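Residue-level structure breakdown
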Amino acid sequence: MVIRKYRLEKGLSQEQLADMAGVSARTIQRLERGAKATPETLKCLAAALDVDFAALRKDDDMPEALSSTSPIAPAVEDHVRDIKAFYLHAIRYALVMFLLLVINLWVSPGFLWVVFPAIGWGIGLAAHGLSAFQISTFFGPDWERREIARRLRK
């Protein structure tokens, strides 16, 4: 919450703050929802927000988003949100493809052009599913840590 307060005071979006601090926008989102930050991430954010590092550490004193005191709880909460987002994406895909199929059969039943958007969007949906269920985590937490370390070395 402290990070959000300082970000809004500066009139910055989450994406702008992420670019300035050299972290991902997803990291900013997680931190503003109550996830714990590493000292390196807090240092980057403090520099970007032009505030004292100790001011951002106050956020650690705030209650966690979940009642559990486990440090794993925010990560589990994020994973569940990712899965929920995938299911909502899949529902939207099914509804839109059904609507397009109806339009296709009504307008030009001799040519099934609906296959092309179904394949294109289906590839995106499959990639989202692989990420949500952590089958393929190309831009996962390990990548974030490596990228933060690389940028801090600059």
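Residues numbered from 1 in each chain as written. Predicted model: local features only at pLDDT ≥ 70, side-chain atom pairs only at ≥ 80, totals over all residues. Heavy atoms only, no water.

Before going further, it helps to examine the pattern of salt bridges. Under the criterion given, the structure shown has four salt bridges. Where Arg150 meets Glu147, a salt bridge forms, and the shortest distance between an N and an O atom there is 2.3 Å. One end of the pair, Arg150, and the other, Glu147, are both in helix 8 (residues 141-153), three residues apart, so they sit about a helical turn from each other. In this structure Arg150 comes out as partly exposed when scored by relative accessible area, which is 34%. Across the pair Glu147 and Arg151 runs a salt bridge whose closest N-O atoms are separated by 3.2 Å. On the criterion of helical spacing, the pair formed by Glu147 and Arg151 is a turn pair, its members being four residues apart in helix 8. (Salt bridge = Lys/Arg side-chain N within 4 Å of Asp/Glu carboxyl O. Helix = DSSP H or I, 4+ residues; strand = E, 2+ residues; numbered from the N terminus. Buried < 20%, exposed > 50% of the residue type's maximum accessible area, 1.4 Å probe, protein only.)

Taken together, Leu101, Leu105, Leu112, Val115, Ile119 and Ile123 make up a surface patch of nonpolar side chains, about 520 Å² in accessible area. Those elements that provide at least two residues to the nonpolar patch are helix 6 (73-107) and helix 7 (115-132). Ranked by residues supplied to the nonpolar patch, first place goes to helix 7 with three residues. With respect to the secondary-structure elements, Leu105 resides in helix 6. Taking relative accessible area as the criterion, Leu105 reaches 44% and is therefore assigned partly exposed. (Patch = residues over 30% accessible without salt bridge, like charges linked within 9 Å, V, L, I, M, F, W, Y side chains within 5 Å. Areas by Shrake-Rupley, 256 points an atom, 1.4 Å probe, with all protein chains shown as cover.)

Our focus in this paragraph is the packing of aromatic side chains. Considering all chains together, one arrives at five aromatic pairs under this definition. Look at Phe86 and Phe133: their rings are 5.6 Å apart centre to centre, the planes differ by 80°, and that puts the pair in the edge-to-face class. Of the two residues, Phe86 sits in helix 6 while Phe133 sits in the loop between helix 7 and helix 8, which places them 47 residues apart along the sequence. The class of Phe86 is buried, set by a relative accessible area of 14%. The interplanar angle of 35° and the centroid separation of 6.3 Å between the aromatic rings of Phe111 and Phe116 together place this pair among those described as tilted. Look at Phe111 and you get partly exposed, because its relative accessible area is 48%. Of the aromatic side chains, those joined through ring pairs into one cluster are Phe86, Tyr87 and Phe133. One Lys or Arg, Lys5, reaches over the ring of Tyr6 and ends 4.9 Å from the middle of that ring. (Phe/Tyr/Trp six-rings, centres within 6.5 Å; stacked < 30°, edge-to-face > 60°. Lys NZ or Arg CZ within 6 Å of the ring centre and 35° of its normal.)

It is worth spelling out the confidence of the model for the protein at this point. Of the residues in the protein, 86% reach a pLDDT of 70 or more, and the chain-wide mean stands at 83. By mean pLDDT, helix 8 is the weakest element of the protein at 78, and helix 7 is the strongest at 93. Overall, residues 61-69 carries pLDDT values under 50, and its contacts beyond four positions in sequence, including any with other chains, amount to 12 contacts. (pLDDT = per-residue confidence, 0-100. Contact = heavy atoms within 4.5 Å.)

This next bit is on unusual backbone geometry. Of note, Asp50 is a non-glycine position whose phi angle comes to about 60°, a positive value. Residue class for Asp50 comes out exposed when judged on its relative accessible area of 64%.

On to helix 1 (residues 2-9), then. Listed as buried for helix 1 are Val2, Ile3, Tyr6 and Arg7. Down the axis of helix 1, the buried side of the element spans an arc of 130°, and every buried residue falls inside it. On its buried side, helix 1 packs onto helix 2 (14-21), helix 3 (25-32), helix 4 (39-49) and helix 5 (53-57). Immediately downstream of helix 1, the backbone of Gly11 shows phi near 70°, a positive value. (Arc of directions from axis to C-beta.)

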